[in-house]
Amino acid sequence: MSEREMEAKLVELDRLLNDPEVRMDPHRVWLLLQEISGANGTAQPIAA
(Lines give C-alpha, C1' and ligand atoms only; values in the text may rest on other atoms or scores of the structure.)
Protein backbone atom coordinates (compact mmCIF):
# COMPACT_ATOMS: atom_id res chain seq x y z
CA MET A 1 0.00 0.00 0.00
CA SER A 2 1.38 3.38 -0.94
CA GLU A 3 1.88 6.19 1.55
CA ARG A 4 -0.96 8.11 -0.11
CA GLU A 5 -3.40 5.17 0.25
CA MET A 6 -2.39 4.71 3.88
CA GLU A 7 -2.98 8.39 4.61
CA ALA A 8 -6.42 8.26 2.94
CA LYS A 9 -7.40 5.25 5.05
CA LEU A 10 -6.22 6.95 8.24
CA VAL A 11 -8.20 10.09 7.38
CA GLU A 12 -11.33 8.03 6.73
CA LEU A 13 -10.86 6.10 9.97
CA ASP A 14 -10.41 9.33 11.92
CA ARG A 15 -13.57 10.74 10.36
CA LEU A 16 -15.59 7.62 11.20
CA LEU A 17 -14.42 7.62 14.80
CA ASN A 18 -14.40 11.33 15.61
CA ASP A 19 -16.83 13.25 13.39
CA PRO A 20 -20.24 13.46 15.12
CA GLU A 21 -21.87 14.23 11.75
CA VAL A 22 -20.74 10.88 10.28
CA ARG A 23 -22.68 7.74 11.10
CA MET A 24 -20.56 5.05 12.76
CA ASP A 25 -20.01 2.01 10.55
CA PRO A 26 -18.32 -0.66 12.69
CA HIS A 27 -17.75 -2.99 9.75
CA ARG A 28 -15.90 -0.26 7.83
CA VAL A 29 -13.85 0.69 10.91
CA TRP A 30 -12.67 -2.91 11.38
CA LEU A 31 -11.97 -3.27 7.66
CA LEU A 32 -9.85 -0.12 7.65
CA LEU A 33 -7.96 -1.27 10.74
CA GLN A 34 -7.30 -4.64 9.14
CA GLU A 35 -6.04 -3.02 5.93
CA ILE A 36 -3.84 -0.57 7.84
CA SER A 37 -2.35 -3.27 10.04
CA GLY A 38 -1.80 -5.46 6.98
CA ALA A 39 0.27 -2.75 5.35
CA ASN A 40 3.27 -3.80 7.40
CA GLY A 41 2.74 -7.52 6.68
CA THR A 42 1.75 -8.58 10.19
CA ALA A 43 -2.04 -8.59 9.89
CA GLN A 44 -4.07 -11.44 11.30
CA PRO A 45 -7.40 -12.20 9.63
CA ILE A 46 -10.47 -11.00 11.48
CA ALA A 47 -12.98 -13.79 12.04
CA ALA A 48 -16.47 -12.98 10.81
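Residues numbered from 1 in each chain as written. Predicted model: local features only at pLDDT ≥ 70, side-chain atom pairs only at ≥ 80, totals over all residues. Heavy atoms only, no water.

An unreviewed UniProt entry lists the protein under the name Peptide chain release factor 1, with Roseomonas haemaphysalidis given as the organism.

In the contact formed by helix H1 (residues 3-18) and helix H2 (residues 26-38), the axes pass within 10 Å of each other and the chain directions differ by 150 degrees. Viewed along their axes, H1 and H2 adopt a mutual orientation that is roughly antiparallel. Helix-helix and strand crossings are classified by hand; for H1 and H2 the assignment is left-handed. Each of Met6, Lys9, Leu10, Glu12, Leu13, Leu16 and Leu17 in H1 lies in contact with H2, whose residues at this interface are Arg28, Val29, Leu32, Leu33, Glu35 and Ile36. Residues belonging to the contact of H1 with H2 are distributed by class as follows: nine nonpolar, no polar and four charged. (Axes fitted to C-alpha atoms, helices over the stretch in contact; angles between N-to-C directions. Helix = DSSP H or I, 4+ residues; strand = E, 2+ residues; numbered from the N terminus. Parallel < 35°, antiparallel > 145°, perpendicular 65-115°, else oblique. Left-handed = near helix turned anticlockwise from the far one by under 90°. Contact = heavy atoms within 4.5 Å. Nonpolar A, V, L, I, M, F, W, Y, C, P; charged D, E, K, R; others polar.)

Moving on, we come to the environment of Leu31. Structurally, the position occupied by Leu31 is in helix H2. For Leu31, a relative accessible area of 28% translates into the label partly exposed. Distance from Leu31 to Leu13, taken between C-alpha atoms, is 9.7 Å for residues 18 residues apart in sequence. (Buried < 20%, exposed > 50% of the residue type's maximum accessible area, 1.4 Å probe, protein only.)

Inspection of the secondary structure puts Asp14 in helix H1. Residue class for Asp14 comes out partly exposed when judged on its relative accessible area of 44%.

This part takes up H1. For H1, built from 16 residues, the straight-helix expectation of 22 Å at 1.5 Å per residue is met to within 8% by its first-to-last C-alpha distance of 22 Å. Considered for burial, the residues of H1 that qualify are Met6, Lys9, Leu13 and Leu16. Each buried residue of H1 sits inside an arc of 90 degrees when the element is viewed along its axis, so together they form one side. Seen from the open side of H1, the exposed residues pointing more than 90 degrees away from its buried face are Glu3, Arg4 and Asn18. The elements touched by buried residues of H1 are H2. (Expected span 1.5 Å × (residues − 1). Arc of directions from axis to C-beta.)

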